[in-house]
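The lines below spell out each chain.
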Amino acid sequence: MRGVLADVVDRPRPVRRAGLRMSAPEAGRFLALSVALTGFGAAELRETGLVEAHRALTARRADPARYGRLAEAADPYGLIERDEGVRELARSICRLWYTGVWPGPSPSPDAAAPAEGLVWRSFGGEPPGTGRPGPGSWARPPADPAPGGRS
């Protein structure tokens, strides 16, 4: 696991979204932590276009000391097991990545965040009304399934 995290941190790429910009070390640290917590690769997380928006929201909502301990931990899972506050932070970051929403009364960091949530990628689905087959698709009869059960 350390090799995966080190590989991501060693080669961070600046990410821009909604006019925000983060430094390479901050981006690499947040991206490495996100890879470890979500189980998705760095390229997949970058494809969402939400790395900076999620990093910025995490920076605003998380306790800086707690976030620093989690992001710098050689064994984040061990720290999550031992520290309830860090465990809640890790859950919040995962929820943000998977659903596009930070727990509690806060707006989504980006209008595209719920549609780009990892929950849809985790099972190969599409968020309702955003992808194939598109809005109003319920009004047409379903297509015959292709051989192998996929349409």
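What you see is a predicted model; the values in this text were computed from it and never measured. (Residues numbered from 1 in each chain as written. Predicted model: local features only at pLDDT ≥ 70, side-chain atom pairs only at ≥ 80, totals over all residues. Heavy atoms only, no water.)

## Describing the overall build of the chain
When helices and strands are tallied, the chain shows eight helices and two strands. When the helices and strands of the chain are placed in sequence order, the string is α-β-β-α-α-α-α-α-α-α. By the burial criterion, 40% of the 151 residues in the chain qualify as buried. Counting contacts in the chain only where the partners sit at least 6 residues apart, residues at least 24 apart contribute 54% of the total. About 8800 Å² of surface is accessible on the chain, with carbon and sulfur atoms providing 55% of the total. (Helix = DSSP H or I, 4+ residues; strand = E, 2+ residues; numbered from the N terminus. Buried < 20%, exposed > 50% of the residue type's maximum accessible area, 1.4 Å probe, protein only. Contact = heavy atoms within 4.5 Å. Areas by Shrake-Rupley, 256 points an atom, 1.4 Å probe, with all protein chains shown as cover.)

## Some details on the packing of aromatic side chains
With the rule as written, the count across this model stands at two aromatic pairs. With a centroid separation of 6.3 Å and an interplanar angle of 25°, the aromatic rings of F30 and W97 are classed as stacked. Pair noted here: F30 is in helix α2 (residues 24-38) and W97 is in helix α7 (residues 84-99), with a separation of 67 residues, a long-range link. Here F30 and W97 have matching classes, each one buried. (Phe/Tyr/Trp six-rings, centres within 6.5 Å; stacked < 30°, edge-to-face > 60°.)

## Quick word on the pattern of salt bridges
Close approach of charged atoms allows side chains of opposite charge to pair. All told, the structure shown has five salt bridges when counted by the stated rule. Among the ionic pairs, R55 bridges to E52, the shortest N-O distance being 3.0 Å. With R55 and E52 both in helix α4 (residues 51-61) and three residues apart, this pair spans about one turn of that helix. Summarising the burial analysis for this pair, R55 and E52 share the class buried. Between R91 and E88 there is a salt bridge; the shortest N-O distance is 2.6 Å. Of this pair, R91 and E88 both sit in helix α7, three residues apart, which is roughly one turn of that helix. Among the residues examined, R91 registers a relative accessible area of 47% and is labelled partly exposed. When its relative accessible area of 36% is taken as the criterion, E88 is described as partly exposed. (Salt bridge = Lys/Arg side-chain N within 4 Å of Asp/Glu carboxyl O.)

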